[in-house]
Amino acid sequence: DGTIISGHRRCRAAKKAGLEAVPCELAEFAGPEEEEIVVISANKNRQKSVTQLLREAERMKEALAEQAKKRQLSKLNHSAVTEDALNPLVVPNLGTTRGAGRHIPQRVRSCVVIADALGLSKSSWLRLDSVSRAAKAGSPVAVEALLQLNQGKITINRALSMVKKSLRVKDA
């Protein structure tokens, strides 16, 4: 439909420079979830606050869960093997998530996909997610850690250390 998914500024600059044609890639998406994943992945190199990263991660989790649900329904609705059932999950910059005979648990695949889309390592994403989940569970230390992360005062590792320490003190 001519919607620009990534490269808005490049397109504006080309038009301003008087170019009549701009090189681009055309893509069709299997659904809104796939489009959402591509949009988030295309913006992974932008500098973002921790709050923005967590918001994008939530959107990624929702999109990935919806894709998984659709794949499961497709398998249930078709007793014969269909083209949809054979199509692996395709993720930008990662290729397919099915390896040569390897079984990768869905949670691990999701972590890798989300981390890559956010421009984080898998371990950094898992640490940030742990702090975020603790904050959602009501930990005031985790909430403060996220605030300090947003302000650039501490690292993800320091935030996780603060949360773990508060949990150890709480259990003692």
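These numbers come from a predicted model, not from an experiment.

Here is what the cut-offs are and how they apply
Residues numbered from 1 in each chain as written. Predicted model: local features only at pLDDT ≥ 70, side-chain atom pairs only at ≥ 80, totals over all residues. Heavy atoms only, no water. Salt bridge = Lys/Arg side-chain N within 4 Å of Asp/Glu carboxyl O. Helix = DSSP H or I, 4+ residues; strand = E, 2+ residues; numbered from the N terminus. Buried < 20%, exposed > 50% of the residue type's maximum accessible area, 1.4 Å probe, protein only. pLDDT = per-residue confidence, 0-100. Contact = heavy atoms within 4.5 Å.

Before going further, it helps to spend a moment on the pattern of salt bridges. Counting across every chain of the model gives 9 salt bridges. Across the pair R59 and E36 runs a salt bridge, and its minimum N-O distance is 2.3 Å. Placement of the pair is R59 in helix α3 (residues 50-77) and E36 in helix α2 (residues 32-42), with a sequence separation of 23 residues. We note a salt bridge from E66 to K69, for which the minimum N-O separation is 3.7 Å. One end of the pair, E66, and the other, K69, are both in helix α3, 3 residues apart, so they sit about a helical turn from each other. Among the residues examined, E66 registers a relative accessible area of 26% and is labelled partly exposed.

Moving on, we come to the confidence of the model for the chain. With 81% of its residues at a pLDDT of 70 or more, the chain has an overall mean of 82. The secondary-structure element of the chain with the lowest mean pLDDT is strand β2 (residues 95-96), recorded at 44, while helix α7 (residues 140-150) shows the highest, at 96. In this model, residues 93-101 is a region of pLDDT below 50 whose contacts with residues beyond four sequence positions or in other chains number 19 contacts.

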